[in-house]
Amino acid sequence: MDRAIKIQVDHLNFSYRGNRVLRDVSARFEENTITAIVGPSGIGKSTFLMTLNRLWETMPHATMKGEVRINLDGRFSNIYDHSYPLAELRRTVGMVFQVPNPLPMSIFKNVAFPLKLAGFCDKPAVAEKVEEALRRAYLWEEVRDRLTDHAMQLSGGQQQRLCIARALILEPQILLLDEPTSSLDATAAAVIEELLVNLKKRCTILVVSHYLAQVQRIADRVLELADGILVPSLLNL
Amino acid sequence: MNRQVERWMIGVAWLSGIVLLGTVFSIIGYLFYKGAATLTPSLIFGETQPMDALLLRRQVFDGLFPAMVGTFSLVVLSVGWAIPVGLATGIYLAEYSGKTMKRTLNLFFDILAGIPSIVVGLFGFSLAVFLHKHFSERIYPCLLISSLSLAFLVLPYIIRTTQVSLDSLPPVTRLTALALGATRLQNIFYVLIPKSLSGILSGVILAIGRCAEDTAVIMLTGVVATAGVPKSLLSNYEALPFYIYYTSSQYANPQELMTGYGASIILLTICAVLFLLAFAAKRGLTYHALYRA
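Thresholds, definitions, all that
Residues numbered from 1 in each chain as written. Chains lettered and ligands numbered in written order. Predicted model: local features only at pLDDT ≥ 70, side-chain atom pairs only at ≥ 80, totals over all residues. Helix = DSSP H or I, 4+ residues; strand = E, 2+ residues; numbered from the N terminus. Buried ≥ 20, exposed ≤ 12 C-beta atoms within 10 Å, placed from the backbone. Contact = placed C-beta atoms within 7 Å. Rg over C-alpha atoms; globule rule 2.2 N^0.38 Å. Nonpolar A, V, L, I, M, F, W, Y, C, P; charged D, E, K, R; others polar. Pairing = 2+ DSSP bridges. Axes fitted to C-alpha atoms, helices over the stretch in contact; angles between N-to-C directions. Left-handed = near helix turned anticlockwise from the far one by under 90°. Core = buried A, V, L, I, M, F, W, Y, C linked by C-beta atoms within 7 Å. Expected span 1.5 Å × (residues − 1). Arc of directions from axis to C-beta. pLDDT = per-residue confidence, 0-100.

Draft legend 1. Representation of the overall build of chain B within the structure. When helices and strands are counted, chain B shows 13 helices and 0 strands. In sequence order, chain B lays out its α and β elements as α-α-α-α-α-α-α-α-α-α-α-α-α. Viewed in the frame of its principal axes, chain B has a C-alpha envelope of about 65 × 65 × 45 Å. The buried share among the 293 residues of chain B stands at 37%. Within chain B, contacts between residues separated by at least 24 positions form 74% of all contacts whose residues are at least 6 apart in sequence.

Draft legend 2. Local environment of the overall build of chain A. Broken down by element type, chain A carries 8 helices and 10 strands. Whereas a compact globule of 237 residues would reach a radius of gyration of roughly 18 Å, chain A reaches 18 Å, a difference of no more than 12%. By residue count, 45% of the 237 residues in chain A fall in the buried class. For chain A, restricting intrachain contacts to residue pairs at least 6 apart in sequence, the fraction spanning at least 24 positions comes to 71%.

Draft legend 3. Spotlight on the interface of chain B and chain A. The partner chain A presents 23 residues to the 17 residues of chain B that form the contact. At 7 residues, the largest contribution of residues to the side of chain B that touches chain A is made by helix α8 (residues 171-179) of chain B. Grouping the amino acids of the side of chain B that touches chain A by side-chain chemistry returns 11 nonpolar, 4 polar and 2 charged.

Draft legend 4. Spatial organisation of the pairing of strand β1 (residues 5-16) of chain A. Residue and element names in this part refer to chain A. Of the pairings in the sheet, the one linking β1 to strand β2 (residues 19-30) comprises 8 bridges and is antiparallel in character. By the bridge assignment for β2, Leu12 is matched with Val25. The turn joining β1 and β2, which pair antiparallel and follow one another in sequence, is formed by 2 residues; a positive phi near 50° is taken by Arg17.

Draft legend 5. Highlighting the sheet that holds strand β10 (residues 229-232) of chain A. Residue and element names in this part refer to chain A. Across the sheet, 6 strands lie side by side as β6-β7-β8-β3-β9-β10; this open sheet has mixed pairing. Every other strand in the sheet has two partners, leaving β6 (93-96) and β10 as the edge strands with one partner each. Strand-to-strand twist in this sheet, taken as the mean axis angle between neighbours without regard to direction, amounts to 20°. One ladder, built from 4 bridges, connects strand β9 (residues 221-226) with β10; its direction is antiparallel. Residue pairing in the sheet places Ala226 in a bridge with Ile229 of β10.

Draft legend 6. Structural detail: the sheet that holds strand β4 (residues 62-72) of chain A. Residues and elements named next belong to chain A. Taken together, 4 strands build an open sheet; the order of strands is β2-β1-β4-β5 and the sheet is antiparallel. Every other strand in the sheet has two partners, leaving β2 and β5 (75-78) as the edge strands with one partner each. Recorded for the sheet is a direction-independent mean angle of 10° between the axes of neighbouring strands. The pairing of β4 with β5 spans 4 bridges and is classified as antiparallel. Note on β5: the bridge partner recorded for Leu72 is Arg75. The strands touched by helix α1 (residues 45-52) are β1, β2 and β4; relative to β1, the strand with the most contacts, the crossing angle is about 120°.

Draft legend 7. A look at the packing of helix α3 (residues 107-117) of chain A against helix α6 (residues 156-168) of chain A. Residues and elements named next belong to chain A. Closest axis-to-axis distance for the α3/α6 pair is 7 Å, and the angle between their directions is 35°. Crossing of α3 over α6 shows right-handed handedness. Seen from α3, the contacting residues are Ile107, Asn110, Val111, Phe113 and Pro114; seen from α6, they are Leu162, Ala165 and Arg166. Tallied by class, the residues present in the contact of α3 with α6 amount to 6 nonpolar, 1 polar and 1 charged.

Draft legend 8. Expanded view of the nonpolar core. If you look at the biggest cluster of nonpolar residues, it comprises 85 residues, and the most contacted ones within it are Met95(A), Val111(A), Ala165(A), Leu176(A) and Ile205(A). The contacts of Ile205(A), once residues within four sequence positions are left out, are Ile34(A), Leu175(A), Leu177(A), Leu196(A), Leu199(A) and Lys200(A). Counting 52 residues, the second-largest nonpolar core is a separate cluster that includes Ile44(B), Phe45(B), Ile200(B) and Ala207(B).

Draft legend 9. Quick peek at unusual backbone geometry. Residue and element names in this part refer to chain A. Residue Asp24 is not a glycine yet carries a positive backbone phi of 45°. Inspection of the secondary structure assignment puts Asp24 in strand β2. The class for Asp24 is partly exposed, based on 14 C-beta atoms found within 10 Å. Positive phi values are uncommon outside glycine, yet Asp227 reaches one of about 50°.

Draft legend 10. Focus on helix α6 (residues 117-134) of chain B. All names here are of chain B. With 18 residues, α6 should reach 26 Å at 1.5 Å per residue; the first-to-last C-alpha distance of 25 Å fits that figure. Those residues of α6 that fall on the buried side of the exposure criterion are Ser117, Val120, Gly121, Gly124 and Ala128. Along the long axis of α6, the arc covered by the buried residues comes to 105°, so they all point the same way. Exposed and oriented more than 90 degrees from the buried face of α6 are Ser126, Phe130, Lys133 and His134.

Draft legend 11. Region of the structure containing the packing of α8(B) against helix α9 (residues 184-195) of chain B. Residue and element names in this part refer to chain B. In the contact formed by α8 and α9, the axes pass within 9 Å of each other and the chain directions differ by 145°. The handedness of the crossing between α8 and α9 comes out as right-handed. Residues Thr173, Arg174, Thr176, Ala177 and Leu178 of α8 touch α9, and the partners they reach there are Gln186, Asn187, Tyr190, Val191, Leu192 and Lys195. For the contact of α8 with α9, the class distribution of residues is 5 nonpolar, 4 polar and 2 charged.

Draft legend 12. Expanded view of the confidence of the model for chain B. Considering every residue of chain B, the mean pLDDT works out to 90; 98% of them sit at 70 or more. The ipTM assigned to the predicted complex is 0.85, against a pTM of 0.82.

Draft legend 13. Spotlight on α3(A). By the criterion of burial, α3(A) is predominantly enclosed, with 10 of the 11 residues buried. Where α3(A) is concerned, the buried positions are Ile107(A), Phe108(A), Lys109(A), Asn110(A), Val111(A), Ala112(A), Phe113(A), Pro114(A), Leu115(A) and Leu117(A). As for α3(A), its buried residues are in contact with α4 (123-136), α5 (140-143) and α6 of chain A together with α8 and α9 of chain B. Downstream of α3(A) by one or two residues, Gly119(A) has phi in the positive range, about 80°.

Draft legend 14. Summary view of the environment of Thr89(B). Here Thr89(B) lies in helix α4 (residues 65-96). The spacing of Thr89(B) and Pro156(B) is 67 residues in sequence and 9.6 Å in space, taken between C-alpha atoms.

Draft legend 15. The environment of Pro100(A), seen in detail. Residue and element names in this part refer to chain A. Within the secondary structure layout, Pro100 lies in the loop between β6 and α3. Sequence separation between Pro100 and Cys163 is 63 residues; the distance between their C-alpha atoms is 6.6 Å. Leave out the neighbours within four places in its chain, and Pro100 touches Gly156, Gln159, Gln160, Cys163 and Ser183.

Below is the structure:
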């Protein structure tokens with residue numbers, strides 16, 4: 001089955017403190033698929049994800065060359081174009097980090113936070129969207145009666161699903177996940193795996209992972225990052 | 001040998017702690033021992049009825065009430081000037097400035113922190129004289145000049161604590177809101193500042209203490225022995241540390257010295273009240289920024 005290309009990366013070079021992390025990386029990512037990126041620690045997998053939402057720009061001593069285009073309603077736009085609004089990009093390309101990072105506020109406020117940032121403040125609509133995002137992140141049933149509790153009271157797995165819900169509330173077209181299950185136990189990880197497989201109907205998903213078994217369970221395609229180059233992994237066979 | 005050193009070290013640490021706590025408690029205990037007897041309504045309100053004094057209907061002549069009001073307004077004003085400027089500078093240093101700029105400005109703020117308060121007082125005095133000559137005959141050393149000078153004195157504390165607490169936030173906290181589409185300013189105001197309020201608060205508390213105790217600056221910039229409750233920003237005022245200073249340096253009889261101890265207790269109480277206010281403000285702000293659903 002041929003799917004449309006969602007992300008197009010061309011000749012991407014990235015250096016951090018003078019070390020070249022990515023060398024002339026070019027890749028295509030298809031819509032509604034899960035692509036896993038594997039490779040040893042510290043090789044630049046997270047950095048690669050951050051080039052897709054320009055989050056690396058907050059790091060000092062980093063430089064990047066190359067092009068990243070994403071397909072928005074059939075048209076490719078270069079996300080490094082000066083006219084491309086950064087906040088909008090990060091709403092289109094959501095990201096979930098390795099360690100769950102709920103903000104120190106209530107469960108409800110955490111999920112609604114991106115809406116607040118976007119200036120969306122119609123209260124009933126916010127409540128509706130929060131519920132929907134929590135449902136999509138398989139968390140609604142567990143927290144529906146305690147939305148005003150502090151988010152830090154949730155278990156690690158729940159916190160991570162909360163972070164996924166928070167990333168989903170703006171309906172991103174692309175979801176980047178940086179080792180989303182590495183701080184969780186096997187049961188919590190399994191829930192998130194199932195969730196991701198379900199989410200690919202709506203999003204294009206890129207996930208960095210260490211766990212080969214996990215990668216084989218959920219990924220449609222596996223890429224390996226080694227020596228700054230992104231190559232199809234042997235796991236694809 | 002090594003274990004001996006470790007044990008010895010722990011002993012020294014405990015000893016230092018005990019000495020410090022002991023000193024604090026003996027100072028406070030001594031103050032109460034000496035001053036408790038003077039703590040009567042007449043120490044504060046003199047011959048005036050307390051209600052009349054509090055509602056400013058009658059002036060208090062022989063009590064500490066005007067000095068309490070003076071110190072309280074002085075601290076609130078000074079910290080009020082210093083907080084916005086200090087916060088903004090701290091945010092700039094932590095979030096926006098380049099490396100060279102940061103180093104240069106930090107050097108200046110260290111120098112500012114090291115300026116003796118009497119020099120700041122002299123500067124405030126010269127400012128008052130300058131304004132009097134060139135701007136308006138109505139300007140003398142006054143509450144406004146004093147509070148501005150004190151603000152200048154405590155600015156480095158607030159700048160430094162703001163900057164340090166922002167700098168020490170973990171990188172992932174910094175990225176969280178950005179990854180969700182926050183602008184730089186949204187990130188600072190919705191996440192970074194609320195998360196570093198505790199650190200900033202410690203700077204504000206230092207500043208409150210410094211403003212409440214300082215005598216050198218206010219002696220040159222507008223405090224007087226009898227002025228009554230200050231009527232405006234441009235009037236003279238009384239202040240507790242100055243009262244303590246002149247009663248203890250020129251008392252005529254032991255009773256008068258005792259009122260100095262009484263005034264010290266009141267000064268400590270005012271500081272405690274201000275600290276509590278700062279804590280309450282911090283809790284309220286954190287709640288509003290982070291927890292309110």
